[in-house]
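As a plain string of letters, each chain reads:
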Amino acid sequence: MKTSDRLARLAAPLERQPWQGVMLVAATLLAVAILQAPNLIASNTSEHGLLLAPWLMWAVSCGVMHGLGFHPRSLVGRVLFCPWLALPTLLYGLWLTQSYFLS
């Protein structure tokens, strides 16, 4: 069995419609929070590190790709945009930006 087939089997539980919708909604909410209030995650205006903003933007990209149903064909694309890595990051980003939504 090829590595790309193994990755496809690994991501199969998240390929169902409700999970794709959750990923798309979470990615959209996080993108709105990042665009409207970048001071929540910017490295010079918050206590978070330098790599947090690109990490969260990567998660938004993965969430949108997975939420819309796009599946990369190459092995590098599948590893780079794995939904199992993006979902916890999206949830962490939403937790970090909860002050934007709750205030």
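**Observations regarding the overall build of the protein**
Here's step 1: A tally of helices and strands in the protein yields six helices and zero strands.
Here's step 2: Starting at the N terminus and ending at the C terminus, the protein contains elements arranged as α-α-α-α-α-α.

**As for the state of the cysteines**
Here's step 1: This structure, assessed with the given rule, holds zero disulfides.
Here's step 2: For Cys-62, which is in no disulfide, the shortest distance to another cysteine sulfur is to Cys-82 and amounts to 8.2 Å.

**Points about helix α3 (residues 52–68)**
Here's step 1: In a regular helix each residue adds 1.5 Å, so 17 residues correspond to 24 Å; α3 covers 24 Å between its end C-alpha atoms and thus fits that length.
Here's step 2: Of the residues making up α3, those classed as buried are Leu-52, Ala-53, Leu-56, Ala-59, Val-60, Cys-62, Gly-63, His-66 and Gly-67.
Here's step 3: Tucked into the core, α3 has its buried residues touching α2 (17–36), α4 (75–80) and α5 (83–96).
Here's step 4: Positive backbone phi, approximately 90°, marks Gly-69, located one or two places after α3.

**Quick look at the confidence of the model for the protein**
Here's step 1: Per-residue confidence for the protein gives a mean pLDDT of 82, with 84% of residues at or over 70.
Here's step 2: Per-element averaging of pLDDT across the protein places helix α1 (residues 3–11) at the bottom with 69 and α3 at the top with 91.

**A short note on the packing of α2 against α5**
Here's step 1: Contact geometry for α2 and α5: axes closest at 10 Å, N-to-C directions at 45°. Compared by their axis directions, α2 and α5 come out oblique. Crossing geometry of α2 relative to α5 is assigned as left-handed. Residues Met-23, Ala-26, Ala-27, Leu-29 and Leu-30 of α2 form the contact with α5, whose own contacting residues are Pro-83, Ala-86, Leu-87, Leu-90, Gly-93 and Leu-94.

What counts, and where the lines are drawn
Residues numbered from 1 in each chain as written. Predicted model: local features only at pLDDT ≥ 70, side-chain atom pairs only at ≥ 80, totals over all residues. Heavy atoms only, no water. Helix = DSSP H or I, 4+ residues; strand = E, 2+ residues; numbered from the N terminus. Disulfide = S-S within 2.5 Å. Expected span 1.5 Å × (residues − 1). Buried < 20%, exposed > 50% of the residue type's maximum accessible area, 1.4 Å probe, protein only. Contact = heavy atoms within 4.5 Å. pLDDT = per-residue confidence, 0-100. Axes fitted to C-alpha atoms, helices over the stretch in contact; angles between N-to-C directions. Parallel < 35°, antiparallel > 145°, perpendicular 65-115°, else oblique. Left-handed = near helix turned anticlockwise from the far one by under 90°.

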